[in-house]
Amino acid sequence: MKFASALGALGASSVLLSGVGAVQLDISSPDNIKQVAKTLSVNLRQYYTGDRKGDTPGNLPDPYYWWECGAMFNAFIDYWYYTGDDEYNGITTQALQHQIGDNNAFMPTNQTKTLGNDDQGFWGMAAMTAAENKLPDLGDDQPSWLGLAQGVFNTQKDRWDNKTCGGGLKWQIYTFNNGYNYKNTISNGCFFNIASRLYKYLGNDTYAEWAERAWEWELAIGLMSQDYHYFDGTDDNQNCSSVNHIQWTYNAGVHMAGAAAMWNVTQNDLWRTRLKGVIDGASVFFKNNVMTEVACENNGKCDVDQRSFKAYLARWMGYTAIVAPWTRQYLDPLLQASAKAAAAQCTGGVNQTSCGLRWIDNGVNDGSFGVGEQMAAMEVIQALLYPTVSGPATQDNGGISKSDPNAGANAPQTPITFDTVTTGDKAGASILTMLVLVAIVAGAWWMVK
């Protein structure tokens, strides 16, 4: 498909100048989009210190948690995939390799004290993206990117908990961590995402069976509604009898991509219906086609984690448009409007290229700067390039990463001894904000179904 036709009716007249800032986005020009993505990537790169002498590769400085560094390197893999610029491949490979842990499943000992299934899942999804996008494997008897994703899948399927709620993954891995009783949507969604994409890459029915199991369990327990809205989580101490109905963009995103992968392989009406349902359900996150984190943007209560969530919906919209081309008519208007709005407010900072949180403010930068905000803007803008790439590789179609179906087999599932953990070792991709849930609910009461 030609780039201009894929972008729809806006065409060559859709040139957006973002005011006084250095970012000028023309959504009809692939070269311009690449340049804007480059500009934003430079700003994002400046937040990362893990490659500095004495620092730890794969960690961001406070206040960022470990999971978000994995998510950021997924964004840099996406950046290379879409633009061809390999500037960040070196630090990406270094970071992913350093955080593998002893059992090839992204369970490093220094993260144990707060290691959640969702945290591990974000690093696993980054490895899966590396395999799909043909980032060269590490070599020298090191685990492959595909094997690392398989390692995450294998350790998580073994944690599937049938003791309460009829199944599902808990938020936390170890019993001593706060939130161990919480079965949350993002942990199960990351597992579904990885299983679906492994099925697409390898064609092994085991992955499809687990993807289907995760999907059906979320629906049965109420984490997913019949109209494809995704809620935050549920308490297994109460046998999941009630659900926290807050909705977040990233939950819609991980399920959208997983459903797209499942449709791509099966080509059946069931997954087509499900995928279309997820896209329709995600409309709650768009105002005039511009993406917004509705649960916390309007009330000013988005925490550090939540400021990055739009990055993942944007990321998986681009993936979905690639692997399920029939969705483009629904996704293009959302990606285009959101990219224009995001670029329009990337006017902050010394270089006037720092992006804020709120894209719906008609080009006004809200002064909220950070990894999440910058990554979200970069992801939604570079996703416009999806018509220019060939699509994710598979084992039978260009894939170069080696399969390791037994990866992660020896990973510990029980508490282990470790040294005192610093604040820089914290993890927690989902709702640490359960502690301030009352405030969030007050600002998002209208989202409760």
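Residues numbered from 1 in each chain as written. Predicted model: local features only at pLDDT ≥ 70, side-chain atom pairs only at ≥ 80, totals over all residues. Heavy atoms only, no water.

Visitor: Can you explain the side chain of Ser144? Please cite residues and give values.
Guide: Position of Ser144 relative to the elements: it lies in the loop between helix 5 (117–132) and helix 6 (145–157). Within the structure, the side chain of Ser144 is placed 2.8 Å from the backbone nitrogen of Gly147, a separation counted as a polar contact. (Helix = DSSP H or I, 4+ residues; strand = E, 2+ residues; numbered from the N terminus. Polar contact = N/O pair within 3.5 Å; in protein donor to acceptor, adjacent residues only side chain to side chain.)

Visitor: Give me the lowdown on empty space enclosed by the protein, citing residues and values where you can.
Guide: Any empty space left between atoms is shown by rolling a water-sized probe over those atoms. Using the criterion set out here, one finds one cavity of 30 Å³ or more in the structure. Here the largest cavity is characterised by a volume of approximately 120 Å³. Asp78, Tyr81, Tyr82, Thr129, Glu132, Asn133, Arg197, Arg315, Trp316, Tyr319, Ile322 and Pro392 together form the lining of the largest cavity. For the lining of the largest cavity, the elements supplying multiple residues, two or more each, are helix 3 (66–83), helix 5 and helix 11 (309–323). With four residues, helix 11 is the largest single contributor of residues to the lining of the largest cavity. Residue classes in the lining of the largest cavity are distributed as six nonpolar, two polar and four charged. (1 Å grid on protein atoms, 1.4 Å probe; cavity = no way out; pocket = protein on both sides within 12 Å on 5 of 7 lines; lining within 4 Å. Points joined across faces, edges and corners; volume = space filled by probe spheres on them. Nonpolar A, V, L, I, M, F, W, Y, C, P; charged D, E, K, R; others polar.)

Visitor: I'd like a description of the pattern of salt bridges, backed by residues and values.
Guide: By the definition in use, this model includes 14 salt bridges. Between Asp85 and Lys38 there is a salt bridge whose closest N-O contact spans 3.1 Å. Taken together, the residues Asp85 in the loop between helix 3 and helix 4 (89–98) and Lys38 in helix 2 (residues 30–45) connect sequence positions 47 residues apart. Accessibility expressed as a relative area gives 22% for Lys38, which makes it partly exposed. (Salt bridge = Lys/Arg side-chain N within 4 Å of Asp/Glu carboxyl O. Buried < 20%, exposed > 50% of the residue type's maximum accessible area, 1.4 Å probe, protein only.)

Visitor: Would you mind going over the confidence of the model for the protein chain in detail, with residue names and values included?
Guide: Averaged over every residue, the pLDDT of the protein chain is 90; residues scoring 70 or more account for 87%. Scored below 50 in pLDDT, residues 1–20 shows 43 contacts in the model against residues more than four places distant or in partner chains. A low-confidence stretch, residues 415–449 stays under pLDDT 50, and its non-local contacts, those more than four residues away or across chains, total 83 contacts. (pLDDT = per-residue confidence, 0-100. Contact = heavy atoms within 4.5 Å.)

Visitor: How would you explain the packing of aromatic side chains if you had to name every residue and give the values?
Guide: Summed over all chains, the structure comprises 27 aromatic pairs. Judged by centre distance (5.8 Å) and plane angle (65°), the ring pair of Trp67 and Tyr312 falls under edge-to-face. Within this pair, whereas Trp67 is found in helix 3, its partner Tyr312 is found in helix 11, the two being separated by 245 residues in sequence. Each member of the pair, Trp67 as well as Tyr312, carries the same accessibility label: buried. Of the aromatic side chains, those joined through ring pairs into one cluster are Trp67, Phe122, Trp248, Tyr250, Phe309 and Tyr312. Above the ring of Tyr319, the side-chain terminus of Arg197 is found at 5.6 Å from the ring centroid. The ring of Trp210 carries the charged tip of Arg213 above its face, separated from the ring centre by 4.1 Å. (Phe/Tyr/Trp six-rings, centres within 6.5 Å; stacked < 30°, edge-to-face > 60°. Lys NZ or Arg CZ within 6 Å of the ring centre and 35° of its normal.)

Visitor: Run through the sheet that holds strand 5 (residues 243–244), naming residues and quoting values.
Guide: Spatially, the three strands line up as an open sheet ordered 3-4-5, and their pairing is antiparallel. Unpaired on one side and paired on the other, strand 3 (182–184) and strand 5 mark the two borders of the sheet. Across three bridges, the pairing between strand 3 and strand 4 (residues 233–235) is antiparallel. Bridge assignment links Lys183 to a residue of strand 4, and that residue is Thr234. Set on the sheet, helix 7 (residues 185–202) makes contact with strand 3 and strand 4; between it and strand 3 the angle comes to about 50°. (Pairing = 2+ DSSP bridges. Axes fitted to C-alpha atoms, helices over the stretch in contact; angles between N-to-C directions.)

Visitor: Quick one: what's the story with the packing of helix 8 (residues 205–221) against helix 9 (residues 249–266), residue by residue and with numbers?
Guide: The contact between helix 8 and helix 9 brings their axes to 12 Å, and the two run at 135°. Our classification of the angle between helix 8 and helix 9 gives oblique. Crossing geometry of helix 8 relative to helix 9 is assigned as left-handed. Seen from helix 8, the contacting residues are Ala208, Ala211, Trp215 and Glu218; seen from helix 9, they are His255, Ala259 and Met262. (Parallel < 35°, antiparallel > 145°, perpendicular 65-115°, else oblique. Left-handed = near helix turned anticlockwise from the far one by under 90°.)

Visitor: Mind laying out the environment of Asn289, listing which residues take part and the relevant values?
Guide: Tracing the backbone shows Asn289 in the loop between strand 6 (286–287) and strand 7 (290–291). On a C-alpha basis, the gap between Asn289 and Ser338 in space is 6.7 Å, while along the polypeptide they are 49 residues apart. Those residues within four positions of Asn289 in sequence are excluded, and the remaining contacts are Pro333, Leu334, Ala337 and Ser338.

Visitor: I'd like a description of helix 5, backed by residues and values.
Guide: Here helix 5 is 16 residues long and its end C-alpha atoms lie 22 Å apart, about the 22 Å a rise of 1.5 Å per residue gives. Of all 16 residues in helix 5, 16 are buried, a share of seventy percent or more. After helix 5 finishes, the residue Lys134 shows a positive phi value of roughly 65°. (Expected span 1.5 Å × (residues − 1).)

Visitor: Tell me what's going on with the state of the cysteines, and back it up with residues and numbers.
Guide: According to the stated counting rule, one finds three disulfides in the structure shown. With a sulfur-sulfur separation of 2.0 Å, Cys165 is cross-linked through a disulfide to Cys240. Disulfide Cys165-Cys240: the torsion about the S-S bond is 85°, which places it as right-handed. Taken together, the residues Cys165 in the loop between helix 6 and strand 3 and Cys240 in the loop between strand 4 and strand 5 connect sequence positions 75 residues apart. Judged by relative accessible area, Cys240 falls into the buried class, the value being 6%. Two residues share a disulfide in this structure: Cys346 and Cys355, whose sulfurs sit 2.0 Å from each other. A torsion of 110° about the S-S bond marks the disulfide between Cys346 and Cys355 as right-handed. Across this residue pair, the class does not change: Cys346 and Cys355 are buried. For the protein chain, the bonded cysteines pair up as 1-2, 3-4, 5-6 when numbered in the order they occur along the sequence. (Disulfide = S-S within 2.5 Å.)

Visitor: Go over the nonpolar core with me, naming the residues and quoting the values.
Guide: In terms of nonpolar packing, the biggest core is built from 144 residues, with Met72 and Tyr312 touching the most fellow members. At 13 residues, the largest contribution of residues to this core is made by helix 3. (Core = buried A, V, L, I, M, F, W, Y, C linked by side-chain atoms within 4.5 Å.)

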